[in-house]
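# Structural overview
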Amino acid sequence: MPSAPPTILWFDKVGRSDIARVGGKNASLGEMVTKLKKRGVDVPTGFAVTADAYRRFLAANRLDARINAAIADFRSGHVSLEETGRNIRQAILGGAWPSPMAAEIKAAYRELGTRSGQRRPDVAVRSSATAEDLPDASFAGQQESFLNVAGDTALLDACRRCFASLYTDRAISYRDARGFEHCKVALSVGVQMMIRAGSGGSGVMFSIDTETGFEHVVLINAVWGLGENIVRGLVDPDEYVVFKPLVENRRLAPIIEKHTGGKAIKLIYANRDGQRTRNVPTSKAEREGYVLGDDDILQLARWAVAIERHYGMPMDMEWARDGDTGKLYIVQARPETVQSRRDQGLLKTYRIRKKGRRILTGLSVGDAVVTGVVRIVRDPHRLDSFPHGAVLVAENTDPDWVPLMKRASAVVTDHGGRTSHAAIVSREMGLPAVVGCSDATRLLHDDQEVTVSCAEGDEGFVYDGLASIEVHDIDLGRVPDTRTKVMLNMANPAAALQWWRLPADGIGLARMEFIINNVIKVHPMALVNFDTLTDEGAKAEIARLTQGFDDKRQYFVELLARGIAKIAASQYPNPVIVRMSDFKTNEYANLIGGREFEPREENPMLGFRGASRYYSDRYREGFALECAAMRRVREDMGFRNVVVMIPFCRTPEEADRVLKTMAAHGLKRGRNGLEVYVMCEIPSNVVLADQFAKRFDGFSIGSNDLTQLTLGVDRDSEALADLFDERHEAVTRTIRTVIDAAHAAGAKVGICGQAPSDYPDFARFLVECGIDSMSVSPDSFLSVKNTVAAAEAARRKKKKTKKSPATTKARKTKARRR
Ligand code: PEP
Ligand code: MG
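Here's what I pulled together on the structure shown here. No experiment lies behind these values; they were computed from the predicted model shown.

Parameters at a glance
Residues numbered from 1 in each chain as written. Chains lettered and ligands numbered in written order. Predicted model: local features only at pLDDT ≥ 70, side-chain atom pairs only at ≥ 80, totals over all residues. Heavy atoms only, no water. Helix = DSSP H or I, 4+ residues; strand = E, 2+ residues; numbered from the N terminus. Rg over C-alpha atoms; globule rule 2.2 N^0.38 Å. Lys, Arg positive; Asp, Glu negative; His and termini not counted. Charge placed at Lys NZ, Arg CZ, Asp CG, Glu CD. Pairing = 2+ DSSP bridges. Axes fitted to C-alpha atoms, helices over the stretch in contact; angles between N-to-C directions. Buried < 20%, exposed > 50% of the residue type's maximum accessible area, 1.4 Å probe, protein only. Phe/Tyr/Trp six-rings, centres within 6.5 Å; stacked < 30°, edge-to-face > 60°. Donors = N, O, S within 2.8 Å, 3.2 Å for Na, K, Ca; no water.

## Some remarks on the overall build of the protein
Each helix and strand counted, the protein has 31 helices and 30 strands in total. Rg of the C-alpha trace for the protein: 31 Å, near the compact-globule value of 28 Å for 818 residues, within the 12% margin. Seen along its three principal axes, the alpha-carbon backbone of the protein occupies a region of about 95 × 80 × 55 Å. Looking at charge distribution, the protein has the averaged site of its 116 positive side-chain charges lying 6 Å from that of its 105 negative ones.

This is how it looks when you write it as C-alpha cells:
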C-alpha cells in the first residue's frame, strides 16, 4: 500500500520543485536550506505543514462542499464578497484538527525545540500558497503570517488561521478575476525558528537594480525591527548598493551607495496577549544611524550573489538580523519579475523641456516622465471619484489601492522606499512613481497640474505645471562598432546607472567638481577647518550634513569615494577617467563654507583653478582629501579601472609639482596600474605636447577651454557667443597639431569637450585626424557613434583609394570614358 502523503516536511527535505507540496515560499526556503547552506547562506530552520495536510483538514471537517457552495452563492450575486469571505474563514477556523495530524505537527514542533535547545521555541508561522508564484508578484503575500508563536496550542491555532487566510476577500476576488479554481489552490504553512528581528533589523534585497535593470549591483533596504513596515510603505528605509563583480574579494568593500532613511517607527513584538506586534517610535540614534554595518552589508550582498547564481536569475529576497545574536538570515527568496522581463534591446530616454518649479523630491521608481492633474486620495475605496490618468498622491499604499493605481498615470507618496508596496506595484504596472517625498499630501493640491519625472537618476521629482516631454527610443541592436572609442561624459552619480546599457568604451570625463556639488555640497577646506569657521550659518549646516561622521574630513572622502565608485561601476571594467576638481574660485565660494577660503578674482577662468591649486598652501589639504577618495575607490573598493586626470595644467613644471604632490598622497603614477591623464585645454599643452607626453599616460582635449584660450573668447560671455566657435580653423589646426604630437610621442589622445556631442562635422573631423577616443554626453551617444562609424568607413575608403594606384588608374579611365 502506498504510504499516506506526509503532514509535515522538514525544510531540508524539500526543494524548488516542491511547490505543489509545500507552496512557493516553503519550496524556496527548502531549496536554500538544502543547497545554499554550504555556501554559508543562513536560513532559519523549520518545517512545512504540507498542502496535502490542508486538504485533509478540509476533508475531515467536510469543508470543501461548504466552500464551493459559498463561492457559488457569491458568483450568483446573492452574497457579497465580504460575507462570503467571512463565512468561509469562520468555517475553517471552526474546523477541528484530526488527531494524528495535530500529533505530527506537535511532534515536529518538539523536534524543533530539541534542535534549537529550547523547550518552547518561538516560531514564525507563515502561509505558503501553491499558487504563490503568479505572474503578478504584487499579489503574493495576500495570505497571513504570524510571528512570535510559542506552544502547541498557539501553533495549531496559527496554522489554522493561515489556512483560513487563503480566503481573505482580496484573495477570493483576485482568484475570481483571473479564473483560478478556488478549490485547486491549497495552502501549506511554514513553521520556522523566529529571528529576533524586533530588536534587530530586517529588510528586502534585490540582486539587480530595480529601476535601471543594472545587473551588477545588489540593492538592500533596511529598517529597524520587523520588515512589514517596508512593504507597507510606513517607513523610509536605509538603502545600500553593492557592486557584485568585486564583492567576493574579501579584501575589498565595494559599497557604492549608503543612504540613511527616515525610519521614524519600528515594528516590534508585543508581549501583551492578543497583540503580536506593535509599532513604536525609533530613537534619534536609530533614525540617524545605519541599520547595517559595512560587514553586514557585504555579507548580505555575497549571499545575494550566491542565491542568484544558484537560481540562475535575478532574485528578490528578504532578510532579517537577530537583535540578540546579531546574526543575519535570509527568510525568503523568489525570482525578480520586472527588470528580468524587460526588453533588453531598447533604451527609452526622456527629456523634459522647460520644466516648472520643483515642488517635491523623493526616490524615483521607473524611468518615465508624465504630466497630469493631481488627485490626493485618503480612502482607496472611493474609486469612482478618481479620474482616469490622474496623478495619484497618497501617504502610502497597500493592496487595497491597486484598482486606483490602475487608473493613475503616476504615483506620488509621502512615505516608503524602493521596496514599498507603492514602488513595487508601480514598477510592475510601468507607472512612474516618486515615493518617500515626506509631504506630498501637504504640498500638492487637487487639480494641480504637475510633471512627474523619474528620468533623472535615483531621485524623482514633481515639477509644477505640464512640461513638454521628448521621448527617444534607442535600439541597442543597431549601434555600430567603431575603431575610435566613444565614451561618456558623466556628472551625477545618481544618474550613472541609467546609461549602463549603452555600449560605451568607458567614461571619458567624470568632473569631480560636479560630484562634489551634487553629493557633498560643502567646501573641503571648510571641513578641514570646521572648528575655526567664522560663518555660523555654514557651520550649522555642515554639522547637520555631517551627522554620524566623527571626523568631518571623512564625510568628504566617503561621499566622494562612493560617488566616483557609482560612476566607475556603471562602466566597469572599461576605463573611467575621473578629473580632479576644477571649480573656479567663484564656484568654489558657493559651496557651503566656501567664502572663507576662496580669493575674489576678477577673472576666475584664468585664475586659481585646476592644477595650480593642488600644490598651493591654500588648497593642499583639500587636495589631500580628493586623493584619499581616489585611493579609497581604487584600493579599498577595488575599482582599478579608475584613471586620474589633471585639469588646467599650465606648464610641465606645474605637472611635476602636481605629480609629486599626488605621489605624497599615495597616488603614484604607475603604482597598482594607476594611469594619469592630463587635459589638453591650454595652448601651452599643445605647444609643449612632447614634454607633457613624457609626464602623463594620455591627453584629453578640453575643446571648451582650448577654444576660449585660442580665440581669446570668454566661453561664458553671451555677448561673444557668436565668436566662440570650436570649428574655427584656428582651433581645428591646434587640435590636429596636438593629436599628431601626442601620437608621435606615443601617448593616447582623446577629447572630452562638448563639441563632438553637438556637431557631427566636428566629430568627422576628429576621426579624420585619427583621434583615439571621444567622450560625449550620453544622450548624443548614438548619433555620435553613427557619425564616427560613417566617418571611419569614408576614411578607410579614402586610404584604400590612395594606396592602390591600379584602382586610381581604373577610376580615371572610367572618368575619361564618361
Ligand atoms: C573643456 O574645457 O573642454 C572641458 C571638458 O572641461 P570643462 O568644460 O570642465 O572646463
Ligand atoms: Mg576645461
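## Let's talk about the sheet that holds strand β21 (residues 459-464)
An order of β15-β19-β18-β17-β16-β20-β21 is seen for the seven strands of this closed barrel, with the pairing classed as mixed. The sheet shows a mean angle of 35° between the axes of neighbouring strands, taken without regard to direction. The sheet contact formed by strand β15 (residues 358-365) and β21 spans five bridges and is antiparallel. Its bridge partner being in β21, Leu360 is matched across the sheet by Val462.

## Overview of the sheet that holds strand β23 (residues 485-490)
Reading around the barrel, the eight strands line up as β23-β24-β25-β26-β27-β28-β29-β30 and close back on themselves, with parallel pairing between neighbours. The average angle at which neighbouring strand axes cross in this sheet is 30°, direction not considered.

## Focus: the pairing of strand β30 (residues 773-776)
What you see with β30 is no split at all: Ser773 and Ser775 on one side and Met774 and Val776 on the other are buried throughout. As defined by bridge partners, β23 adjoins β30 across four bridges and the pair is classed as parallel. If you follow Val486 over to β30, its bridge partner there is Met774.

## Some words on the packing of aromatic side chains
For the structure on display, the rule yields 16 aromatic pairs. Ring geometry for Tyr588 versus Tyr619: centroids 5.5 Å apart, planes at 55°, classification tilted. Here Tyr619 lies in the loop between α21 (611-614) and α22 (620-636) and Tyr588 lies in helix α20 (residues 585-589), a separation of 31 residues in the sequence. Each member of the pair, Tyr588 as well as Tyr619, carries the same accessibility label: buried. A centroid spacing of 4.1 Å and a plane angle of 10° characterise the contact between Tyr614 and Phe623, whose relative ring orientation is stacked.

## Remarks on the coordination of the magnesium ion (ligand 2)
Within the protein, the atoms that donate to the magnesium ion (ligand 2) are Glu681 (OE) and Asp705 (OD), at distances of 2.1 Å. Remark: Asp705 occurs in helix α26 (residues 703-711) and Glu681 occurs in the loop between β27 (676-680) and α24 (683-687); sequence separation between them is 24 residues. We note that Glu681, like Asp705, is buried.

Shape is all these values report; function is a separate question.
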